[in-house]
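Examining the three-dimensional arrangement
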Amino acid sequence: PIDEDFYDDLLDALILSDMGETCATEAIDRLRERVKAEHLRYAPQAKDALKGILVEMLEVEKPALHWPMVTLMVGVNGVGKTTTIGKLALRFQGLGRTIILCAADTFRAAAAEQLQVWADRARCPIVRHKEGADPAGVVFDGIQAAKARNADLLIVDTAGRLHNKKNLMDEMEKMRRVIDREYPEATVRCLLVVDATTGQNGLAQARAFREAAGINGIVLTKLDGTAKGGIAFSIVRELGVPVMYVGVGEGIEDLQSFNAREFVDALFE
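Source: prediction; values computed, not measured.

Turning our attention to the packing of aromatic side chains. Scanning the model with the defined rule gives four aromatic pairs in all. A ring pair is formed by W67 and F92, whose centres lie 5.7 Å apart and whose planes are at 80°; its orientation type is edge-to-face. Placement of W67 in the loop between α3 (43-58) and β1 (69-74) and of F92 in helix α4 (residues 81-94) is noted, with a sequence separation of 25 residues between them. A residue is classified by how much of its surface remains accessible, and F92, at 2% relative accessible area, is buried. An angle of 45° between the planes, with centres 6.2 Å apart, marks the rings of F233 and F263 as tilted. Placement of the pair is F233 in helix α9 (residues 231-239) and F263 in helix α10 (residues 260-267), with a sequence separation of 30 residues. Taken as a pair, F233 and F263 share a single burial class, namely buried.

Next up on the list: the pattern of salt bridges. Applying the stated criterion across every chain yields a total of 16 salt bridges. The salt bridge partner of D157 is K81, with a shortest N-O separation of 2.9 Å. On the criterion of sequence distance, the pair formed by D157 in strand β4 (residues 153-157) and K81 in helix α4 is long-range, its members being 76 residues apart. Looking at K81, the relative accessible area reads 5%, which means it is buried. With a shortest N-O distance of 2.9 Å, K166 and D170 are connected by a salt bridge. Of this pair, K166 and D170 both sit in helix α7 (residues 165-182), four residues apart, roughly one helical turn. Taking the relative accessible area as the measure of exposure, K166 reaches 55% and is therefore exposed. Beyond isolated ion pairs, a larger network of salt bridges with shared partners links E26, R30, R34, E56 and R237.

Bringing the packing of helix α6 (residues 135-148) against α7 into the picture now. Closest axis-to-axis distance for the α6/α7 pair is 9 Å, and the angle between their directions is 25°. Considering their axes alone, α6 and α7 lie roughly parallel with respect to each other. In this structure, the crossing between α6 and α7 has a hand that is right-handed. In contact with P135, A136, V139, F140, I143, Q144 and K147 of α6, α7 contributes K174, M175, V178, I179, R181 and E182. For the contact of α6 with α7, the class distribution of residues is eight nonpolar, one polar and four charged.

On to the sheet that holds strand β2 (residues 99-103), then. Note on sheets: strands pair through backbone hydrogen bonds, and any given pair is parallel or antiparallel. Read from one edge to the other, the open sheet built from eight strands follows the order β3-β2-β4-β1-β5-β6-β7-β8, with strand pairing classed as mixed. Edge strands, defined here as strands with exactly one partner in the open sheet, are β3 (126-127) and β8 (255-257). Bridging between strand β7 (residues 243-247) and β8 involves three bridges; their strand directions are antiparallel. If you follow Y245 over to β8, its bridge partner there is S257. The strands touched by α7 are β1 and β5 (187-195); relative to β1, the strand with the most contacts, the crossing angle is about 175°. Packed on one face of the sheet, helix α8 (residues 201-213) meets β1 and β5 and runs near 160° to β5.

In this section: the nonpolar core. Counting 99 residues, the largest nonpolar core has L31, L101 and F233 as its most contacted members. Residues in contact with L101, not counting those within four places in the same chain, are I85, A89, L115, A119, C124, P125, I126, V127 and I155.

As a further point, take unusual backbone geometry. The residue after W67, namely P68, is reached through a cis peptide bond having omega -5°. Positive phi values are uncommon outside glycine, yet D18 reaches one of about 75°. Checked against the element boundaries, D18 lands in the loop between α1 (4-16) and α2 (21-38). Phi at H39 is positive, roughly 55°, even though this residue is not glycine. As for its placement among the helices and strands, H39 is situated in the loop between α2 and α3.

On to α1. Think of an α-helix as turning once every 3.6 residues; residues three or four places apart then point the same way. For α1, built from 13 residues, the straight-helix expectation of 18 Å at 1.5 Å per residue is met to within 8% by its first-to-last C-alpha distance of 18 Å. Taken residue by residue, α1 has F6, Y7, L10 and L14 as its buried positions. For α1, the angular spread of buried residues about the axis comes to 95°, placing them on one side. Turned more than 90 degrees away from the buried face of α1, the exposed residues are D5, D9 and L16. Buried positions along α1 lie against α2 and α3. Between the side-chain oxygen of the N-cap and the backbone nitrogen of D5 there are 3.3 Å, and the N-cap of α1 in question is D3. Of the residues flanking the end of α1, it is D18, one or two places downstream, whose phi is positive at about 75°.

Here is what the cut-offs are and how they apply
- Residues numbered from 1 in each chain as written.
- Predicted model: local features only at pLDDT ≥ 70, side-chain atom pairs only at ≥ 80, totals over all residues.
- Heavy atoms only, no water.
- Phe/Tyr/Trp six-rings, centres within 6.5 Å; stacked < 30°, edge-to-face > 60°.
- Helix = DSSP H or I, 4+ residues; strand = E, 2+ residues; numbered from the N terminus.
- Buried < 20%, exposed > 50% of the residue type's maximum accessible area, 1.4 Å probe, protein only.
- Salt bridge = Lys/Arg side-chain N within 4 Å of Asp/Glu carboxyl O.
- Axes fitted to C-alpha atoms, helices over the stretch in contact; angles between N-to-C directions.
- Parallel < 35°, antiparallel > 145°, perpendicular 65-115°, else oblique.
- Left-handed = near helix turned anticlockwise from the far one by under 90°.
- Contact = heavy atoms within 4.5 Å.
- Nonpolar A, V, L, I, M, F, W, Y, C, P; charged D, E, K, R; others polar.
- Pairing = 2+ DSSP bridges.
- Core = buried A, V, L, I, M, F, W, Y, C linked by side-chain atoms within 4.5 Å.
- Expected span 1.5 Å × (residues − 1).
- Arc of directions from axis to C-beta.
- Polar contact = N/O pair within 3.5 Å; in protein donor to acceptor, adjacent residues only side chain to side chain.

All we've got here are geometric facts, nothing functional implied.
Structure follows, in structure tokens:
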């Protein structure tokens, strides 16, 4: 039977999944309303209803793809941002699109070399400068290369520094100005890469990058391990943007389109 202990246990389970207390409480409150409205009596019925509620919480309309496109990849160092870029490049190549990578993270040591490795794996060209170069200058050259090759997609790797948010914001604003001026015909989207194992710290990262860059979508990485990934609910609720992709392994093909129903089912396994 459905009783208060049942609701308390569900609330604890949701919080332990890294969903966060606010989102978990909202989900349980909505469940209580649905149980009452639909006259549900037993726990299995309520769990099915909760799954439906959680799917609804994650279902945000994904923007349509319009070409040419510039995709800015943002996220703190270590979340799998550069790896995700390589996987995205391969994914869109499989759809018949032409890709150019742009190594605009010029501050982290060997960032361009790491991106070069993925460019070689995906067999796509890369635009890079020497370490310490102006990121906006790299983006400028990337745009010129994209135009010259009539590329569909320019994927830009950006710096993942949050310890000095003002510098990050200044860099992002400068890059956006260059894109708007030099490539006005391109659609611009900004994807935030979040490590699913970071828990609620991922929400703090999302807030900072929303302020610095503006976010159009989320990529949730490292879901192949012990991570529950409940942080996705908090970020979607806070930013109002969809989860676009999930990373489920180290391989270049281990990037999947996000499916809310499959994600919620996995939470209950």
